[in-house]
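# Per-entry structural report
Residues per chain, in single letters:
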Amino acid sequence: MSQSSDVLVIGAGVIGAATAYFAAQQGQSVTVLDKGLPASGTSSACEGNILVSDKELGPELELTRYSLGVWHNDLEEHKKLWEFESKGGIIVASRESSLASLNRVMAVQNSYGVDVEELDQAALREAEPHISPEALGGASYREDCQVQPMLVAAHLVRLATEAGARFIADTPVTGFLRSARDGGRVTGVRTPRGDFPAGAVVNCTGTWAGELAAMAGVEVPVLPRRGFVMVTEPLPPMVHHKVYAAEYIDNVGSSDAGLQASPVVEGTPAGSILIGSTRERVGFDRKVSTAALGLLARNATSLFPFLKDVKAIRHYHGFRPYCPDHLPVIGHDDRAPGLWHAAGHEGAGIGLSAGTGKLLAQALAGLTPDMDLSPFAPARFGEFGSVRHHRNSEHREEATA
Amino acid sequence: MTTQPVTISFDGRPLTAAAGQSVGAALASQGITAWRSTRKGGKPRGLFCGIGVCFDCLVTVDGEPNQRACLVEACEGMEVEGS
Amino acid sequence: MSVTADVAVVGVGPAGLAAAVAAAEAGARVAVVDAGNQPGGQFWRHAPESVREADGHGHHGWSTYLDLRARFDAARGAGRITYLPGLQVWMAERTGLPGSAEFVLRTTAAVASSGAAPATVAADRLVLCPGGYDRQLPVPGWELPGVMAAGGIQAFIKANGVLPGKRFVIAGTGPFLLPVAAGIAEAGGKVLAVLESSSPSAWLPHLGAATGVPEKALEGAEYAAVFAKHRIPYRTRSIVTEVLGPDKAEGVRTAKVDADGRVRPGTEREYADVDVVGFGWGFTPQMELPVALGVETRLDADGSLVGVVDERQQSSVPGLYLAGEVTGVGGATLAVLEGLAAGAAAARPDSHVPVKQPAAIARHRRFARAMHHAHPVPAAWQDWLTPDTTVCRCEEVTAGEITEARDSLGARDIRSLKSFTRAGMGWCQGRVCGFAAGCLGAGPGEMPDAGSLASSAKRPLAAPVGIGELAALDN
């Protein structure tokens, strides 16, 4: 099992799956390896958001809008497979001060062409009848959508294999093949199932991306940021959009190591309500945190008081892969020729996956990508990366987990 | 010891249960085998595991939804509704 | 409310009752949490004591229960046991903090209207005795009202003193089907047939192992007498192939099977005028709390995920003891022996007091192993399904949807199947369908491996809990 491919994708999460899918569509021969099964990492432990509303202006917003186009156009015919839902997002402000900030954000977003509409108290109540009486107003983002992320990853892998790619499960990468000449070019990977030579190797391993990059001798500072999501008993439709508090945006962009939570509440087609979401930098600690659950519950009931009489039937947590500058790493790694990365999308990986995969596939095929990828270049972290010490300590923890 | 039968209501009609019986037993011993419809297929459901594991027998008790009929003891005046 | 104790015991069935008594009598302060309103668990379930005095009718080992109960009540009276009934543990944690209790249990009322106040229990050692429930294999029509777990029928009779119907068919495998059918008949119900997929001749090679357990032979003789008295047909190598509806169980279709469970053509027959069908395919131990606390697990002879314990019933987690079905399904007598050993060891973790009755424990485990080998899950059971047979009752996921996710999306374990199909995502969190879905994921003739079962038993909320209660968490 060592036949060569043009592109070897490591990781069958949603980013790897999208990259493999679009690379196969480009006519490249593609192999996807995963240490487990498709969507068994962060892709299976998130909410499946495709959000415009929480993005800061700049390259991430641009990538978001590009990706949204890919979801709606390139992937249109497959929408049903992954329960694509254009549910729309609503940001709610419950304090005068946050309402003022929200209005400022809206004005700027509007000027950049984001579809955002102000909701006064009456309009907000019409959109979400069970919202807290303390909610003062909000903003409606019709472009926000949602998918079932595990189905996205699994079906994109399946569609890629139907287009000629091969997928091999339970195959961890243990090292890289390097050329003796050519400046030590990465020419494939080593696994317990043998060597897999490839023209290009793409690191799509999410929270493990830094560790994998280190095997190739380069620093990619992807860190885990834990998040909990609570799931309620099935209910009749009570929450119609993805509803979150104005403070949520501040937390997304924060690097604070402490526990943060903003209410993010949404209904699902199955009747359960998802309550997110906390952000903690605690390495790969899988221990359940009552502090996090308590905070989630308090925040959710402040947004939707009826939830206090509802039962939670499960919760899950995942590790968002994030970079210190909150931008993903996408593109060729000039420090290790032959190695590419697509990781570090933090809480936006599902939404950004479609665009990331398509752009990367264009670059892998030697084409000029539809969008400039230089803001996401791996080399921005310098020769050794900027957070070397921290990254290592985080990953040591993971190795023993 | 109370051995007097108790009267509960099920979807508005009165039902007699022996003291100490579960709501599920009160219903089943009156020949009522289903009191809930499934969310997706609208299929009838009643008791299954009988010990609180399967959550198939859910009823609303005195306004509190999603109670396991196999575990709730029938008490005088209790209002039980299917769903 | 907060309770601190030397030893916390979860569950107060045969294992938990014995563990609580043994720990208290060894001098420990004990806290006992149980979902039921009175001691006994499922095995010694009885009508509310406020209504009628339990007379042990229809029970086995009742004198053992009375003895343990008297000692339990005495220890409560002496203040050595704090009994917290009507509460379910929704989360068990290890604090890992030196100087504070090692284990913390968070609880919620099992029944909202019961008035049981949630308590937080902190203890240095923990004995988990959560028991198990009937294992299920889906067949067409098993989701119809009137179909019950075999143990559910038994619990219904023991707790309520009445029957859930009039005319019964009991099917599945294992010696447990016998007391279920006998209990129905003794309570006045008509058992049309007991269908056992295995064959008693399968017992013969294992009788050697069973000889050390004479009471099992005695029990068998009792059931034989009840079966004869009520003329209950006991059909071996037979299964229910379909429960007939349309809106509730009204009959069953049955067939003879070969040793692997394949239907033998031409042996089909129908039982009409049935109102309750009981299924039991062995038991599934309640593993969410042991798994949440990180114990080492293994696959037992019956294909169940169980916890690994040493001779003192201690798991791989120091201070955490397991007794009863979570160490291997073996029945009430074994559970009591394990509970006594676990309770005594948890009370005095550092002393090297020898385990009482180690030979009896070993004998009962051998007997249990022999029973598991004699009553396997039929290898060909997946053939009984049609693509539209419901597998996950909560989310109404069919066998066809599961095999499709397996074949086209590569979902082999219960966790992936859950992600892709929602099987196991509903109210019961895969407790009922987990094993069957795992078999389907593993492929025809296969059963789930320990990893797959552990992925199903991973339930970070061990019971539904009110969001209002979570919001009141003080830290």
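Residues numbered from 1 in each chain as written. Chains lettered and ligands numbered in written order. Predicted model: local features only at pLDDT ≥ 70, side-chain atom pairs only at ≥ 80, totals over all residues. Heavy atoms only, no water.

## Considerations on the packing of aromatic side chains
Note the following rule: We call Phe, Tyr and Trp rings a pair once their centres come within 6.5 Å, taking the six-membered ring for Trp, and we label the pair stacked below 30 degrees between planes, edge-to-face above 60, and tilted otherwise. A 1.4 Å probe rolled over the protein chains alone gives each residue an accessible area, and that area as a share of the maximum for its type sets the label: buried under 20%, exposed over 50%, partly exposed in between. The numbering of helices and of strands both runs from the N terminus, where a helix is a DSSP run of H or I of at least 4 residues and a strand a run of E of at least 2. When the NZ atom of lysine or the CZ atom of arginine is within 6 Å of a ring's centre and also within 35 degrees of its normal, the charge is said to sit over that ring.
Counting across every chain of the model gives 13 aromatic pairs over all chains. Look at Phe304(A) and Phe306(A): their rings are 6.0 Å apart centre to centre, the planes differ by 70°, and that puts the pair in the edge-to-face class. Just as Phe304(A) is buried, Phe306(A) falls in that class too. Seen from their ring centres, Trp281(C) and Trp384(C) are 5.6 Å apart, and the 45° between their planes marks the pair as tilted. Of this pair, Trp281(C) sits in strand β15 (residues 276–281) while Trp384(C) sits in the loop between α9 (358–374) and β20 (390–392), and the two are 103 residues apart along the sequence. The burial state of Trp281(C) is the same as that of Trp384(C); both residues are buried. One aromatic cluster in this structure is built from Phe43(C), Trp44(C), Trp62(C) and Tyr65(C). Sitting over the ring of Phe43(C), Lys158(C) keeps its end group 5.0 Å from the ring centre. The ring of Phe48(B) carries the charged tip of Arg393(C) above its face, separated from the ring centre by 3.7 Å.

## Looking at the environment of Asp300(C)
Residues and elements named next belong to chain C. Here is the rule: Whether two residues touch is decided by their heavy atoms; if any such pair falls within 4.5 Å, the residues are in contact.
Tracing the chain through its elements places Asp300 in the loop between β17 (297–299) and β18 (305–307). A relative accessible area of 15% means that Asp300 is categorised as buried. In sequence terms Asp300 and Arg369 are 69 residues apart; their C-alpha atoms lie 8.6 Å from each other. Every residue in contact with Asp300, bar those within four places of it in the chain, is listed here: Val306, Gly328, Val329 and His372.

## Topic: the sheet that holds strand β14 (residues 269–272) of chain C
Residue and element names in this part refer to chain C. Our working rule: Two strands qualify as a pair provided that DSSP identifies no fewer than 2 bridges between them. Every angle, taken between N-to-C directions, lies between 0 and 180 degrees, and every axis is a line fitted to C-alpha atoms, over only the stretch in contact when it is a helix.
On the basis of which strands lie adjacent, the open sheet formed by 3 strands has the order β12-β13-β14 and antiparallel pairing. Bordering the open sheet on either side are β12 (238–244) and β14, each of which pairs with just one other strand. Taken over all neighbouring pairs, the strand axes of this sheet differ in orientation by 25° on average, direction set aside. Pairing of strand β13 (residues 251–256) with β14, which is carried by 4 bridges, proceeds in the antiparallel orientation. From the neighbouring strand, Gly251 faces β14, where its bridge partner is Ala272.

## Quick notes on the pattern of salt bridges
Quick note on the threshold: Throughout this description, the term salt bridge denotes a Lys or Arg side-chain nitrogen within 4 Å of a carboxyl oxygen of Asp or Glu.
Per the counting criterion, the structure on display carries 39 salt bridges over all chains. Notably, a salt bridge pairs Glu25(C) with Arg71(C), separated by 2.8 Å at the nearest N-O pair. Taken together, the residues span a long stretch of sequence, with Glu25(C) in helix α1 (residues 14–25) and Arg71(C) in helix α2 (residues 62–77) at a distance of 46 residues. Classification of Glu25(C) by relative accessible area gives partly exposed; the value is 44%. In the salt-bridge network here, residues are joined through shared partners; they are Arg36(B), Arg45(B), Asp56(B) and Arg393(C).

## Re the domain arrangement of chain C
Residues and elements named next belong to chain C. Spelled out, the test is: The start and end points of each domain follow an automatic or database-based domain assignment. As used here, buried area is the combined drop in accessible area, with a 1.4 Å probe, of two parts when they are placed together.
When the domains of chain C are assigned, the result is domain 1 (2–132 + 284–353), domain 2 (136–281) and domain 3 (385–457). Its C-alpha centre places domain 1 at a distance of 30 Å from the equivalent point of domain 2. Listed as interface residues are 11 residues of domain 1 and, on the opposing side, 9 residues of domain 2. Across the interface of domain 1 and domain 2, roughly 780 Å² is buried in total on both sides, 44% from carbon and sulfur atoms. The largest share of the area that domain 1 buries against domain 2 comes from Arg45, His60 and Thr333, three residues that together contribute 52% of it.

## As for the pairing of β15(C)
Residue and element names in this part refer to chain C. Counting buried residues in β15 gives 6 out of 6 residues, a clear majority hidden from the surface. With 3 bridges connecting them, strand β8 (residues 147–149) and β15 associate as parallel partners. Bridging from a neighbouring strand, Met148 pairs with Gly278 of β15. In this sheet, β15 lies alongside strand β9 (residues 167–173) in parallel orientation, the contact comprising 6 bridges. Its bridge partner being in β15, Val169 is matched across the sheet by Val277.

## Some points on the interface of chain B and chain C
Counting residues at the interface gives 39 residues for chain B, matched by 41 residues for chain C. When chain B packs against chain C, close to 3,300 Å² is buried across both sides, 56% of that on carbon and sulfur atoms. Ranking the residues of chain B by area buried against chain C places Phe48(B), Ile51(B) and Val53(B) at the top, with a combined share of 21%. Counting across the chain B and chain C interface gives 2 salt bridges. Across the pair Glu395(C) and Arg39(B) runs a salt bridge whose closest N-O atoms are separated by 3.3 Å.

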